[in-house]
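Results of the structural survey
As a plain string of letters, each chain reads:
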Amino acid sequence: MEQEVVEAEIVLPTHLSFKRIQMYEKYPKSQSRSRHWKHLKQILQAENYQNYPPDEPTYVNIESPPSMHPCKRICDVTGYEAPYYDPRTNLRYANAEVFKLIRSLPNDYVQRYLALRNAAVVLK
């Protein structure tokens, strides 16, 4: 039977479409694998901002107008984003558990929470 086996050279393509490309094939040794990002401190040191005129905009003296988007409403108790507020105490809350806690707070604690947000009002 061994005599019947005929040796044939199989020619395979260098890249099979169903195989994943190996990293050493994708990135030869001379190429960098990732992009190197500069921090703001490195940019500032490289730019020599002392040589620019003071009225030219740079990273150091950029002025922008106030944001047109409304500020996020934060829960007064937990610090999470708060889609709700209690109409009786004017405290913002994130979920039902915090709402139960807010309703059980005495008025002086409610006033303290509102004072932290600069929204202190006299509650009746």
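Please read these numbers as outputs of a predicted model, since none were measured by experiment.

**Things to note about the pattern of salt bridges**
One pass over the structure, following the stated rule, counts 2 salt bridges. Between Arg-117 and Asp-76 there is a salt bridge whose closest N-O contact spans 3.1 Å. With Arg-117 in the segment after helix 4 (107-116) and Asp-76 in the loop between helix 2 (40-47) and strand 1 (84-85), this residue pair connects regions lying 41 residues apart in the sequence. We classify Asp-76 as buried; its relative accessible area is 16%.

**Some remarks on a nonpolar patch on the surface**
A contiguous nonpolar patch, built from Leu-40, Leu-44, Tyr-59, Val-60 and Ile-62 and spanning about 510 Å² of accessible area, is present on the exposed surface. One can find Val-60 in the loop between helix 2 and strand 1.

**Let's talk about the nonpolar core**
Counting 10 residues, the largest nonpolar core consists of Cys-75, Ala-82, Leu-91, Tyr-93, Ala-94, Val-98, Ile-102, Leu-105, Val-110 and Leu-114. At the level of secondary structure, the elements contributing two or more residues to this core comprise helix 3 (96-104) and helix 4. Setting aside its immediate chain neighbours within four residues, Val-98 contacts Cys-75, Val-77, Thr-78 and Tyr-93.

**What to know about the packing of aromatic side chains**
Counted under the stated rule, the structure contains 2 aromatic pairs. Judged by centre distance (4.9 Å) and plane angle (40°), the ring pair of Tyr-93 and Phe-99 falls under tilted. Aromatic rings pair up to connect Tyr-84, Tyr-93 and Phe-99 into one cluster.

**Focus: unusual backbone geometry**
Positioned with a positive phi, Asn-90 is a non-glycine residue whose angle comes to about 65°. Of note, Asn-90 is situated in the loop between strand 1 and strand 2 (92-93). The class of Asn-90 is partly exposed, set by a relative accessible area of 31%. Positive phi outside glycine occurs at Asn-118, with the angle close to 60°. Structurally, Asn-118 is set in the segment after helix 4.

What counts, and at which threshold
- Residues numbered from 1 in each chain as written.
- Predicted model: local features only at pLDDT ≥ 70, side-chain atom pairs only at ≥ 80, totals over all residues.
- Heavy atoms only, no water.
- Salt bridge = Lys/Arg side-chain N within 4 Å of Asp/Glu carboxyl O.
- Helix = DSSP H or I, 4+ residues; strand = E, 2+ residues; numbered from the N terminus.
- Buried < 20%, exposed > 50% of the residue type's maximum accessible area, 1.4 Å probe, protein only.
- Patch = residues over 30% accessible without salt bridge, like charges linked within 9 Å, V, L, I, M, F, W, Y side chains within 5 Å.
- Areas by Shrake-Rupley, 256 points an atom, 1.4 Å probe, with all protein chains shown as cover.
- Core = buried A, V, L, I, M, F, W, Y, C linked by side-chain atoms within 4.5 Å.
- Contact = heavy atoms within 4.5 Å.
- Phe/Tyr/Trp six-rings, centres within 6.5 Å; stacked < 30°, edge-to-face > 60°.

These figures capture arrangement, not role.
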